[in-house]
There are 2 protein chains.
Amino acid sequence: MKLEMAQREVLPNSVTTILRQAILKGDLAPGQHLVQADLAEQLGVSRMPVREALKTLEMEGLITLEPHKGAVVNELTIDDIDEIYELRTMLESLALRKSIPHLTDEALDEMQKLHLKMMDTFEKEEYVDLNRRFHTISLSGCRSKRVHGLMARVSHGIAKDTPYVIPGQIEKSNREHGVILEAISNRDAERAADELSHHINRTREDLIEVLKAQKENR
Amino acid sequence: MKLEMAQREVLPNSVTTILRQAILKGDLAPGQHLVQADLAEQLGVSRMPVREALKTLEMEGLITLEPHKGAVVNELTIDDIDEIYELRTMLESLALRKSIPHLTDEALDEMQKLHLKMMDTFEKEEYVDLNRRFHTISLSGCRSKRVHGLMARVSHGIAKDTPYVIPGQIEKSNREHGVILEAISNRDAERAADELSHHINRTREDLIEVLKAQKENR
DNA sequence: ACCCATTATATTGGATACAATAGCCAATAT
DNA sequence: ATATTGGCTATTGTATCCAATATAATGGGT
């Protein structure tokens, strides 16, 4: 395993990000016991930022932290993934409903641009980034810090690499994004939230199906 | 014979609880700047547990924590309260739906007992406690750690003292509890979730009304 | 007197040092 | 041979210390 510190940010945040990715990538495997001192040494920092990071990761559901025992990487079962998508569906459609009344025309333009770019892109890495920005902007009008907080907490618990995993994910997503964008343009919050629900739920179903198939073939 | 340790509390947890209550009670007022060293001295601990506690409270939305600046107690506007109840409605009804298939008959009995006690109680403090236990048990069948985590995070952000604030809250709640309990007894998850939604939403509406009235008369 | 730059102070961020605890292993007794 | 205990070790929890940063205070120039 090779962990490396990113450049200057507030230390615990960088540590959190690195550890989170290490877990999602599988470098830190489920069941593995995380020793603060070891992580600290590998990252070239003291135990303190590591402790804070572990606490954050616990809240995100990636690890379990027991007093005087330490941190263990949680296993991500298919049920867990299902659950995460269920919560994402609820939270993000709520957020979109709250967001739309406050979305500026500029935000809409930006989304339109991203949508066009996505329809032109077959680089998965770029697509994932564009997609992230698309959804971020769409929810940016939601004023509720709590909703954003919950979404972050839920979303961080899972990798956002569906285009690599689900066959045809990009094409399907593009179609769904188009419908969502149209509803938002018409300022039809209910319909937009509904279509977003479908989008996330469809992704969930596809993902679960693929994962179950993978599980069979092992 | 069965002996049990009085849950060995780890310092940051105790500190978190104390600070949380101080904020909800208003002893630490909105806008107030929280200095780690001061709190540590008042509590007779070092700054370290305080730092961890502050981080937890930030996640619960009670304070804002900015790098190198410190902690400020958040203001709880009526809109915030509205938002918290909206999230509680979503999350708790989801949790109840997931809980019911796994609720044991013993749990149901316990709820029945608590319900009877509540109908006999006019001590508000006792009522709040019984009510808390009633709802806790009803959701105890929900296996999803994530849902529980989100509920905790949302609920901690607000005082649970509605019987002191809303006129007739106890009587209304008792009626609603009865309906919920019946639905649960029939293992009708959808109906139970629906009735719980109504219960929380009714409380929200009453609470907001009272708070707005209070605001007028000032 | 006012404004900007500079220094001083307060407070947080991070590292190190020390204490408490859990889990393991061997030694002993039954 | 097994169960129990006592101590050892690994690891976490807490305190203290030093460094980095932001804010307040100061002072000189205009």
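Rules behind the numbers
- Residues numbered from 1 in each chain as written.
- Chains lettered and ligands numbered in written order.
- Predicted model: local features only at pLDDT ≥ 70, side-chain atom pairs only at ≥ 80, totals over all residues.
- Pairing = 2+ DSSP bridges.
- Helix = DSSP H or I, 4+ residues; strand = E, 2+ residues; numbered from the N terminus.
- Contact = placed C-beta atoms within 7 Å.
- Axes fitted to C-alpha atoms, helices over the stretch in contact; angles between N-to-C directions.
- Parallel < 35°, antiparallel > 145°, perpendicular 65-115°, else oblique.
- Left-handed = near helix turned anticlockwise from the far one by under 90°.
- Nonpolar A, V, L, I, M, F, W, Y, C, P; charged D, E, K, R; others polar.
- Buried ≥ 20, exposed ≤ 12 C-beta atoms within 10 Å, placed from the backbone.
- Near = placed C-beta within 6 Å.
- Core = buried A, V, L, I, M, F, W, Y, C linked by C-beta atoms within 7 Å.
- Expected span 1.5 Å × (residues − 1).
- Least-squares fit on C-alpha atoms with pLDDT ≥ 70 in both.
- Domains from an automatic or database assignment.
- pLDDT = per-residue confidence, 0-100.

A separate point is the pairing of strand S3 (residues 70-73) of chain B. Residue and element names in this part refer to chain B. Relative to S3, strand S1 (residues 33-34) runs antiparallel, the two being bridged by two bridges. Across the sheet, the residue bridging to Leu34 is Ala71, located in S3. Judged from the four bridges that link them, strand S2 (residues 63-66) and S3 form a sheet pairing that is antiparallel. Bridge assignment links Leu65 to a residue of S3, and that residue is Ala71. Linking two consecutive strands that pair antiparallel, namely S2 and S3, is a turn of three residues; a positive phi of about 70 degrees is found at His68 within it.

This part is about the environment of His33 of chain A. Residues and elements named next belong to chain A. In this structure, His33 sits in strand S1 (residues 33-34). Here the alpha-carbon distance between His33 and Ile63, two residues 30 residues apart in the chain, equals 9.5 Å. Apart from residues lying up to four places away in sequence, His33 is in contact with Gly70 and Val72.

This next bit is on the packing of helix H4 (residues 78-99) of chain B against helix H10 (residues 189-216) of chain B. All names here are of chain B. One can describe the packing of H4 onto H10 by two numbers: an axis separation of 8 Å at closest approach and a directional angle of 170 degrees. The orientation of H4 with respect to H10, classified from their angle, is roughly antiparallel. You can see that H4 and H10 cross each other, and the crossing is right-handed. Residues Ile78, Ile81, Asp82, Tyr85, Arg88, Thr89, Glu92, Ser93, Leu96 and Arg97 of H4 lie in contact with H10, whose contacting residues are Ala189, Ala192, Ala193, Leu196, Ser197, Ile200, Asn201, Arg204, Leu207, Ile208, Leu211 and Lys212. Among the residues making up the contact of H4 with H10, the classes are represented as 12 nonpolar, four polar and six charged.

Residue and element names in this part refer to chain B. Within the secondary structure, Gln36 sits in helix H2 (residues 36-43). Under the C-beta neighbour-count criterion, Gln36 is labelled partly exposed, with 17 such atoms within 10 Å. Distance from Gln36 to Pro49, taken between C-alpha atoms, is 9.6 Å for residues 13 residues apart in sequence. Excluding residues that lie within four positions of it along the chain, Gln36 makes contacts with Arg47, Val50 and Arg51.

Right, let's talk about the protein's contact with DNA strand D for a bit. Taken together, the neighbourhood of DNA strand D is formed by 16 residues, with Gln36 and Gly70 of chain A together with Leu11, Ser46 and His68 of chain B sitting nearest. If you list the elements that add at least two residues to the surface near DNA strand D, you get helix H2 (36-43) of chain A together with helix H1 (11-25) and helix H3 (47-59) of chain B. For the surface near DNA strand D, the leading source of residues is H3 of chain B, giving three residues. Of the residues assigned to the surface near DNA strand D, the class counts are nine nonpolar, five polar and two charged.

In this section: the sheet that holds strand S2 (residues 63-66) of chain A. Hydrogen bonds along the backbone pair up the strands of a sheet, which may run parallel or antiparallel. Residues and elements named next belong to chain A. With antiparallel pairing, three strands are arranged side by side in an open sheet as S1-S3-S2. Edge positions in the open sheet fall to S1 and S2, since each of these has one partner strand only. This element, helix H3 (residues 47-59), spans S1, S2 and strand S3 (70-73) of the sheet and lies at about 120 degrees to S2.

A separate point is the sheet that holds S1 of chain B. Residue and element names in this part refer to chain B. As summarised here, the arrangement of the three strands in space is S1-S3-S2, forming an open sheet in which the pairing is antiparallel. The open sheet has two edge strands, S1 and S2, and neither has a second partner. Sitting on the sheet, H3 touches S1, S2 and S3, and the angle it makes with S2 is about 120 degrees.

Attention now moves to the nonpolar core. Among the nonpolar cores identified, the biggest contains 46 residues, and Leu91, Ala95 and Ala192 of chain A together with Leu91, Ala95 and Ala192 of chain B are the most heavily contacted of them. Breaking this core down by element, the ones donating at least two residues are helix H4 (78-99), helix H7 (145-155), helix H9 (169-185) and helix H10 (189-216) of chain A together with H4, helix H7 (145-155), helix H9 (169-185) and H10 of chain B. If near-sequence neighbours (up to four positions away) are discounted, Ala192 of chain B is found in contact with Leu96, Ile100, Ile180, Ala183 and Ile184 of chain B. The next biggest cluster of nonpolar side chains, apart from the first, holds 14 residues, and it includes Ile23, Leu39, Val50 and Val73 of chain A.

Our focus in this paragraph is H3 of chain B. Side chains that are three or four residues apart share a direction in an α-helix, a result of its 3.6 residues per turn. Between its first and last C-alpha atoms H3 of chain B spans 19 Å; for 13 residues at 1.5 Å apiece the expected length is 18 Å, and the two agree. Turning to H3 of chain B, its buried residues number three or more, namely Pro49, Val50, Ala53, Leu54, Lys55, Thr56 and Leu57 of chain B. If you follow the buried residues of H3 of chain B, they end up packed against H3 of chain A together with H1, S1, H2, S2 and S3 of chain B. With its phi angle positive at about 85 degrees, Gly61 of chain B sits one or two positions after the end of H3 of chain B.

This brings us to the relation of the copies chain A and chain B. Of the transformation superimposing chain A on chain B, the axial component is 0.1 Å and the angular component is 180 degrees, with the fit at an RMSD of 0.1 Å. Such values leave the two copies arranged in the relation of a two-fold axis. Looking at chain A, 100% of its interface residues are interface residues in chain B too, so the copies touch through the same face.

Below, the discussion takes up the domain arrangement of chain A. All names here are of chain A. For chain A, the assigned domains read domain 1 (11-73) and domain 2 (78-216). Distance between the C-alpha centres of domain 1 and domain 2: 28 Å. Of the residues lining the interface, six residues belong to domain 1; the matching set on domain 2 comes to four residues. Tallied by class, residues from the side of domain 1 that touches domain 2 come to three nonpolar, one polar and two charged.

Our next topic: the confidence of the model for chain A. Looking at chain A, the pLDDT average stands at 92 and 94% of residues meet or exceed 70. Of the regions scoring below 50 in pLDDT, residues 1-8 of chain A engages in 10 contacts with residues more than four places distant in sequence or in other chains.

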